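Listed below, chain by chain, are the residues.
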Amino acid sequence: VPPCLITKRLETRIKQEDPEALIQMHCRYRDGKGAPKSDSRALEMIIKAAELGSADAYYRLVAELVSRKFELGALPWLVRGLVEISAKKGFHMAHEYLALMAKGNNIEAAIKHWKVAANAGSQNSVDMLMKAYKNNQLPKGELAQVLRAFQASNAQRKSKARDEFRREKLE
């Protein structure tokens, strides 16, 4: 499918206020692939997707602000607020980010966020919880409960079609 046709399809979905289409167009404007490179249009697209309630968009908005080298030292509340909104909407990478922010001064809060992300299937969070267990910061029973939820989450994502696609892609 030609890139211009994909862009036209995305524009149609944008008119229907589809946040995923807005995120995809954000990437196209940001990278200049499939659409003319435009930082202002990219930012406009990701803000609109966030306004429509996309957890992914809130998180990407933080990344966009950081990549643009905004004076975030003066606005840590903005970054944290956007990440917290993304986490509340269920985006597991936001929980990982909040855990890393809390790790130094509040290990209990970090563990809470890692648990949520691990329950959603995050291997990085499981690894961090394993370290917390080894440091006697997490009881064995809680770790076992998280590992069961992690395995269940990953089992839900498995399918024959997905496995075949990955095998074909690697060959």
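Let's shift gears to the overall build of the protein chain. Along the backbone of the protein chain there are 10 helices and 0 strands. Starting at the N terminus, the α and β elements of the protein chain follow one another as α-α-α-α-α-α-α-α-α-α. The buried share among the 171 residues of the protein chain stands at 36%. Surface accessibility of the protein chain: about 10900 Å² in total, with carbon and sulfur atoms responsible for 54%.

Before going further, it helps to spend a moment on the side chain of Glu96. Within the secondary structure, Glu96 sits in helix 6 (residues 92-103). Judged by relative accessible area, Glu96 falls into the buried class, the value being 14%. Here Glu96 is in contact with Trp114, Ala117, Ser122, Asn124 and Ser125, once residues within four sequence places are set aside.

Within the element layout of this structure, His26 appears in helix 2 (residues 19-31). We classify His26 as buried; its relative accessible area is 1%. A polar contact is formed between the side chain of His26 and the backbone oxygen of Ala42, at a distance of 3.0 Å. Residues contacting His26, with those up to four places away along its chain left out, are Ala42, Leu43, Met45, Ile46 and Glu64.

Quick notes on the rules
Residues numbered from 1 in each chain as written. Predicted model: local features only at pLDDT ≥ 70, side-chain atom pairs only at ≥ 80, totals over all residues. Heavy atoms only, no water. Helix = DSSP H or I, 4+ residues; strand = E, 2+ residues; numbered from the N terminus. Buried < 20%, exposed > 50% of the residue type's maximum accessible area, 1.4 Å probe, protein only. Areas by Shrake-Rupley, 256 points an atom, 1.4 Å probe, with all protein chains shown as cover. Contact = heavy atoms within 4.5 Å. Polar contact = N/O pair within 3.5 Å; in protein donor to acceptor, adjacent residues only side chain to side chain.

Keep in mind these values describe shape, not function.
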